[in-house]
Amino acid sequence: QLQAYGGGLVQTGGSLRLSCASSARAFSNYYMAWFRQAPGKEREFVAAMSGRTRRTYYSDSVEGRFGISRDNAKNTVSLSMNSLEPEDTAVYYCAAGSTIIISTIRSASAYQYWGQGTLVTVSS
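Residues numbered from 1 in each chain as written. Predicted model: local features only at pLDDT ≥ 70, side-chain atom pairs only at ≥ 80, totals over all residues. Heavy atoms only, no water.

### Considerations on the overall build of the protein
Link 1 in the chain: A count of helices and strands for the protein gives zero helices and 11 strands.
Link 2 in the chain: If you list the helices and strands of the protein from N to C, you get β-β-β-β-β-β-β-β-β-β-β.
Link 3 in the chain: Counting only C-alpha atoms, the protein reaches 40 × 30 × 25 Å along its principal axes.
Link 4 in the chain: Evaluated residue by residue, the protein yields a buried proportion of 48% over its 124 residues.
Link 5 in the chain: Relative to all contacts within the protein whose residues are 6 or more apart in sequence, the contacts with residues 24 or more apart total 57%. (Helix = DSSP H or I, 4+ residues; strand = E, 2+ residues; numbered from the N terminus. Buried < 20%, exposed > 50% of the residue type's maximum accessible area, 1.4 Å probe, protein only. Contact = heavy atoms within 4.5 Å.)

### Quick word on the packing of aromatic side chains
Link 1 in the chain: Counted under the stated rule, the structure contains five aromatic pairs.
Link 2 in the chain: Taking 6.1 Å as the distance between ring centres and 70° as the angle between the ring planes, the aromatic pair formed by Y30 and Y113 counts as edge-to-face. Placement of the pair is Y30 in the loop between β3 (16-22) and β4 (31-37) and Y113 in strand β10 (residues 113-114), with a sequence separation of 83 residues.
Link 3 in the chain: Judged by relative accessible area, Y113 falls into the partly exposed class, the value being 43%.
Link 4 in the chain: An angle of 55° between the planes, with centres 5.1 Å apart, marks the rings of F35 and W114 as tilted. Taken together, the positions of F35 in strand β4 and W114 in strand β10 put the pair 79 residues apart, joining distant regions of the chain.
Link 5 in the chain: F35 gets classed as buried once you look at its relative accessible area, which sits at 1%.
Link 6 in the chain: The structure contains a cluster of three or more aromatic residues connected by ring pairs, namely F35, F45, Y111 and W114. (Phe/Tyr/Trp six-rings, centres within 6.5 Å; stacked < 30°, edge-to-face > 60°.)

### Brief notes about the state of the cysteines
Link 1 in the chain: Throughout the structure, instances matching the rule amount to one disulfide.
Link 2 in the chain: One disulfide bridge connects C20 with C94, the sulfur atoms lying 2.1 Å from each other. Because the sign of the S-S torsion sets the handedness, a value of about 55° for the bond joining C20 and C94 places this disulfide among the right-handed ones. Residue C20 is located in strand β3, and its partner C94 is located in strand β9 (residues 90-97); the two are separated by 74 residues in the primary sequence.
Link 3 in the chain: Residue classification places C20 among the buried positions, given a relative accessible area of 0%. (Disulfide = S-S within 2.5 Å.)

### Considering the sheet that holds β3
Link 1 in the chain: Pairing is antiparallel in the open sheet, where four strands are placed in the order β1-β3-β8-β7. Here the strands that pair on one side only, and so sit at the sheet edges, are β1 (2-5) and β7 (66-71). Ignoring strand direction, the axes of neighbouring strands in this sheet form an average angle of 15°.
Link 2 in the chain: Here β7 pairs with strand β8 (residues 76-81) via six bridges, running antiparallel. Considered in β8, the bridge of R70 is made with V77. (Pairing = 2+ DSSP bridges. Axes fitted to C-alpha atoms, helices over the stretch in contact; angles between N-to-C directions.)

Here you go:
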């Protein structure tokens, strides 16, 4: 089970930190990722991190502005979002996958478990 929280309303240029708590055993075995879905658009990849090596992956649209991190001792993954833009407005979902082929890490279908989503609204 995944529980995402931390969304809210922020002005353009502001920052926000999302977190996601997992109840999974062996949390460190899972790839963790964040996706987002804006109104009327498809769900898109934002960032991901491997479990043990902590290698990170980002979409081009957030590279340099967002940072994904995880605490395997606390079973949490976070997404620090800086320099937010109105285009970042979306429902953000955390996701977990136990066995992922690296070439598919940006694909939603690669992840088996999903949180309920948390809304981020960036005002202009």
